[in-house]
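Breakdown of the fold
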Amino acid sequence: MSLISELVCVQCGSGYAEGAHMTCPTCGPDEGILDIRFDLERAGETLNRASLGGRTASHWRYRELLPLDEGYCPTDGSIGWTPLIETPRLAAAVGVRRLWLKDDGRNASGSFKDRASSVGVAHAQQLGYSSIACASTGNAASSLAHCAAAAGLSANIFVSRIIPDGKLAQLLAYGARVFKIEGSYAEAYDLCTKACVELGWYNRNCAINPYLVEGKKTGGLEVAEQLQDDGPDWVSGSVGDGCSIAGVYKGFVEMKAVGIINWQPRMLGVQSADVAPIAEAMRTGSLDRSGSGDTYADSINVPVPRNWRKAVKAVGDSGGAYVCVTDEQIMRAVRETGRLSGVFAEPAAAAAVAGVASAVVDGVIDSDASVVAMITGNGLKDIRGAIKAVGAPHVIAPDLQRVIKIVEADSKGES
Ligand SMILES: *Cc1c(COP(=O)(O)O)cnc(C)c1O
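Sequence positions are assigned chain by chain, starting from 1 and proceeding in written order. The predicted nature of this model means local features are confined to residues of pLDDT at least 70 and side-chain atom pairs, given and counted, to a pLDDT of 80 or more, with totals for whole chains, interfaces and linings taken over all residues. By convention in this description, side-chain values take in all heavy atoms of the structure and omit both hydrogens and water.

1. Here we look at helix H8 (residues 185-199)
Heads up, the rule is: Going along the chain from the N terminus, every DSSP run of H or I of four or more residues is numbered as a helix, and every run of E of two or more is numbered as a strand. Expected helix span is computed as 1.5 Å times (number of residues minus one). Each residue is placed in one exposure class: buried if its accessible area under a 1.4 Å probe, protein chains only, is under 20% of its type's maximum, exposed if it is over 50%, and partly exposed if it falls in between. The reported arc concerns the directions from the helix axis to the C-beta atoms and nothing else. When checking whether two residues touch, look at their non-hydrogen atoms; a contact exists if any pair is within 4.5 Å.
Under the 1.5 Å per step criterion, the end-to-end length of H8 is 21 Å for 15 residues, consistent within 8% with the ideal 21 Å. Of the positions making up H8, those classed as buried are Tyr185, Ala188, Tyr189, Cys192, Ala195 and Cys196. Viewed along the axis of H8, the buried residues span an arc of 130°, placing them on a single side of the element. With respect to the buried face of H8, the exposed residues turned more than 90 degrees away are Lys194, Val197 and Glu198. The inward-facing, buried residues of H8 contact strand S6 (131-136), strand S7 (154-159) and strand S9 (202-203). Two residues or fewer after H8 comes glycine 200, characterised by a positive phi angle close to 70°.

Here it is, written out as structure tokens:
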């Protein structure tokens with residue numbers, strides 16, 4: 001048995017028993033998102049710094065806080081437990097005292113989404129499903145295709161037209177059935193939901209499936225365990241549907257409740273200036289569903305987010321803030337993150353770094369602060385997007401003099 005105590009509706013607050021509903025029957029599937037609560041007292045009886053020391057170097061190490069029955073919670077794995085890299089030169093460039101990057105680009109399929117997909121696949125197996133589906137702008141899909149292939153389930157993926165080639169190639173390589181929808185992400189999402197009902201597939205769509213957020217939570221659990229007594233002032237993460245920032249924050253709350261840490265960071269939610277419905281909902285208290293706009297950072301290009309309530313609440317409860325960054329600022333962050341820390345981030349991941357720089361300029365984050373930026377996806381996912389940000393090579397004849405001239409010109413430029 002898992003240690004789930006109940007599932008609580010984020011809108012009306014009603015509580016339900018595990019297994020009863022996927023969304024709140026009173027509030028409906030659009031607004032009635034559920035939040036999974038655990039018996040944290042019991043979790044704390046076995047989950048502590050000492051017991052963690054002997055466990056798998058993957059996100060499955062937190063089994064007490066995962067929504068899975070024992071036989072479905074693996075004791076090893078290749079997802080999670082990604083490095084937390086301190087990067088003084090990037091810290092100086094963005095203007096904070098200390099900066100760490102949580103490099104989730106190193107996950108099996110190259111993104112933070114592997115945390116959620118792996119829990120989704122395990123949950124689908126626990127419920128006896130053999131097929132699973134999702135609608136995604138990219139990483140949720142490629143991670144689901146990976147996790148399904150690894151577990152032997154079949155995957156059905158609904159993508160919109162803006163999917164980068166790298167992510168599409170991953171889907172096909174992992175053997176998923178791919179539907180590329182001639183329409184928006186919202187239309188792909190609705191079609192996927194209908195297909196799941198009609199064809200009996202497990203629905204991985206994160207916002208309506210509270211189990212997935214529990215996978216994303218492991219990002220926060222890990223940062224908490226990795227920093228132990230040295231908690232950061234802020235944790236920055238980019239926001240599309242809103243599940244990631246909510247999940248990561250929940251991780252800190254639970255690690256504090258079980259007694260592994262005694263601090264809680266403020267959360268910085270970062271959105272694109274051109275697609276910022278959750279930042280706006282933070283100000284107004286409601287979601288503008290007429291959403292449009294477009295950003296270069298495809299993974300956070302979500303004009304009508306599903307999980308805005310959880311995302312607004314997490315940032316609010318943490319005493320945090322939302323900031324918006326332009327595509328220009330994101331491209332700059334792709335360049336600087338690569339050059340100053342050695343971490344190649346996809347645009348939506350670099351947005352978390354751009355957000356820190358912008359929050360310092362705005363006076364939201366103090367220049368004396370310590371900050372963790374969640375690097376949610378690998379730069380190799382979207383080569384065309386990366387090239388736009390990082391420039392072109394020197395095209396020359398095979399001639400040493402040309403090399404020397406370019407090196408000289410560069411060193412003049414630097415001095
Ligand atoms: C999905 C994703 C995000 C945003 O997560 P949400 O849960 O949609 O808010 C950020 N960065 C990357 C790389 C992603 O794939």
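2. Notes on the packing of aromatic side chains
Inclusion rule: Between the rings of Phe, Tyr and Trp (Trp by its six-membered ring), a pair exists once the centres lie within 6.5 Å; its type follows the angle of the planes, with under 30 degrees stacked, over 60 edge-to-face, and the other angles tilted. Each ring is checked for a lysine NZ or an arginine CZ that lies within 6 Å of its centre and within 35 degrees of its normal; such an atom marks a charge sitting over the ring.
In the structure shown here, the tally under the stated rule is three aromatic pairs. Seen in terms of ring centroids, phenylalanine 158 and phenylalanine 179 are 4.8 Å apart; in terms of plane orientation they differ by 20°. Their pairing is stacked. One end of the pair, phenylalanine 158, is in strand S7; the other, phenylalanine 179, is in strand S8 (residues 177-180), with 21 residues separating them in the sequence. According to the relative accessible area criterion, phenylalanine 158 is buried, its value standing at 3%. The residue whose ring lies beneath arginine 61 is tryptophan 81, and the NZ or CZ to ring-centre distance is 3.9 Å. Cation over ring: arginine 306 sits above tyrosine 189, and NZ or CZ is 3.8 Å from the ring centre.

3. Quick word on the site of the ligand
Note the threshold: One heavy atom suffices: a residue is near a molecule or strand as soon as one of its heavy atoms comes within 4 Å of it. Any N or O atom pair separated by 3.5 Å or less is treated as a polar contact, with the protein-specific requirement of one donor-capable and one acceptor-capable atom, and with residues adjacent in sequence counted only for side-chain atom pairs. Each accessible area is a Shrake-Rupley result for a 1.4 Å probe, and residues are judged covered by the shown protein chains and nothing else. In the cavity and pocket records, a cavity denotes points on a 1 Å grid over the protein atoms alone where a 1.4 Å probe fits but cannot get out, a pocket denotes an open set with protein on both sides within 12 Å along at least 5 of 7 lines, and lining residues are residues with an atom within 4 Å of a point. Whether a molecule sits in a cavity or pocket is decided by its atoms, more than half of which must lie within 2 Å of the grid points. Side-chain classes follow a simple rule in which Ala, Val, Leu, Ile, Met, Phe, Trp, Tyr, Cys and Pro form the nonpolar group, Asp, Glu, Lys and Arg form the charged group, and the remainder, Gly included, forms the polar group.
Around the ligand sit 16 residues in total, of which Lys113, Asn139, Gly240, Gly242 and Thr376 are the nearest. One of the side-chain N or O atoms of serine 238 is found 3.5 Å from a nitrogen atom in the ligand. In the environment of the ligand, an oxygen atom lies 2.8 Å from a nitrogen or oxygen atom belonging to the side chain of serine 244. Within the complex, the protein chains bury 96% of what would otherwise be the 380 Å² of accessible surface of the ligand. For the ligand, the cavity whose grid points lie within 2 Å of the majority of its atoms is the largest cavity. The residue inventory of the shell around the ligand, partitioned by class, reads four nonpolar, eight polar and four charged.

4. Structural notes on the sheet that holds strand S13 (residues 370-375)
Selection criterion: In this scheme, strands are said to pair when DSSP sees at least two bridges between them. Helix axes use the C-alpha atoms of the stretch in contact, all axes being lines fitted to C-alpha atoms, and the angles between their N-to-C directions lie in the range 0 to 180 degrees.
Taking strand neighbours across the sheet as the criterion, the six strands line up as S4-S5-S13-S10-S11-S12 in an open arrangement whose pairing is mixed. One side of each edge strand has no neighbouring strand; the edge strands of this open sheet are strand S4 (84-86) and strand S12 (321-325). Between one strand axis and the next, the sheet turns by 25° as a mean value, whatever way the strands run. Direction of pairing for S4 relative to strand S5 (residues 98-103): antiparallel, over a ladder of three bridges. Counted as the bridge partner of leucine 84 is lysine 102 from S5. Each of strand S11 (266-272) and S12 is contacted by helix H11 (residues 277-284), which is oriented at about 140° to S12, the strand it contacts most. Lying over the sheet, helix H12 (residues 308-317) contacts S11 and S12, oriented at roughly 115° with respect to S12.

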